[in-house]
Amino acid sequence: MDSLGASRILGIVGAGKLGTAIARAALEVGYDVAIAGSGEAERIALIVDVLAPGARVMTSAEVVAHADIIVLAVPAHRFRELPRDLFSGKIVVDAMNYWEPIDGFNEELAHAPRGTSALVQEWFATARVVKAFNQLGYHEIDEMRRPSGDSGRIAIAVAGDDEMAVAVVSRLVDELGFDAIRVGSLKDGVALQPDGFAFGVALTAPELAGLLWPEQKRA
Ligand SMILES: NC(=O)c1ccc[n+]([C@@H]2O[C@H](COP(=O)([O-])OP(=O)(O)OC[C@H]3O[C@@H](n4cnc5c(N)ncnc54)[C@H](OP(=O)(O)O)[C@@H]3O)[C@@H](O)[C@H]2O)c1
């Protein structure tokens, strides 16, 4: 446990491109990583052994039992397959994006006025949802992570309503090789979504802050 009361155990639900990239980053800095796909653990054992060697394969329920902080990296149209109380009391890092070519057209996800993470928080009402890891591609998680203080280090924005959960996720972002920038509340996380102005940008922390708060940059 660290000063925020967080352990160095990371759970990941979704063993695809993003989930395994985050697993690699976490394993590299010594996290105990547990990861799940949509079915039995054995189904993903080989792929995880190749893409994130050292991660433990489990079912989603086992991942949640094992970890207090869990990255949710499943296709956005599928998160409601998971039980509403699955993440009770846990910190859920919503890394999902609604992307019509992958998710198909979904009226609710396409026109979520408070952002898709608000829908995730509504579904998992007893979880502490924080939005992060949405704005970059998985290959950037692989290629652009740098130690703290490196001049080329880029930033990842973090949005959430639960201050302590945001602090824990920011610490995770930092440990995984990126400066963490707090964007604001969960609904402010719309900036990180595919139609948001901070989506797809690989910028340093001052550059990202300038994009998020341009008036402060001018001041
Ligand atoms: N790829 C990126 O660069 C990137 C970047 C930022 C954000 N994202 C977002 O991250 C999410 C995942 O993207 P991806 O590219 O990693 O997708 P992906 O490669 O298609 O992988 C999706 C993973 O989710 C699992 N899954 C699906 N339904 C599940 C369920 N109900 N319970 C547990 N696991 C489930 C799949 O398992 P099965 O194969 O067993 O179904 C698969 O392992 C998406 O929302 C995407 O928009 C992706």
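An account of the accompanying structure is given in this report.

Looking now at the overall build of the protein. Secondary structure summary: the protein contains 10 helices and eight strands in total. Principal-axis analysis of the C-alpha atoms gives the protein an extent of 55 × 40 × 35 Å. Taken over 219 residues, the protein has a buried fraction of 47%. Of the contacts made within the protein by residues no fewer than 6 positions apart, 63% connect residues no fewer than 24 positions apart.

As a structural note, the neighbourhood of the ligand is formed by 26 residues, with Gly14, Gly16, Ser38, Met96 and Asn97 the closest of them. A total of three residues in the shell around the ligand trace back to one element, the largest contributor, which is helix α1 (residues 17-28). Classifying every residue of the shell around the ligand by side-chain character gives 13 nonpolar, 10 polar and three charged.

With that out of the way, let us pick up the sheet that holds strand β6 (residues 128-131). Here eight strands make up an open sheet; going across it, the order is β3-β2-β1-β4-β5-β6-β7-β8 and the pairing mixed. Two strands bound the open sheet, and with one partner strand each, they are β3 (56-57) and β8 (179-184). Taken together, the two bridges between β6 and strand β7 (residues 155-160) define a ladder with antiparallel strand orientation. For Lys131, the partnering residue across the bridge sits in β7 and is Ala159. On the sheet, helix α9 (residues 205-212) packs against β7 and β8 and is oriented at approximately 10° with respect to β8.

So, how was this worked out
Residues numbered from 1 in each chain as written. Predicted model: local features only at pLDDT ≥ 70, side-chain atom pairs only at ≥ 80, totals over all residues. Helix = DSSP H or I, 4+ residues; strand = E, 2+ residues; numbered from the N terminus. Buried ≥ 20, exposed ≤ 12 C-beta atoms within 10 Å, placed from the backbone. Contact = placed C-beta atoms within 7 Å. Near = placed C-beta within 6 Å. Nonpolar A, V, L, I, M, F, W, Y, C, P; charged D, E, K, R; others polar. Pairing = 2+ DSSP bridges. Axes fitted to C-alpha atoms, helices over the stretch in contact; angles between N-to-C directions.

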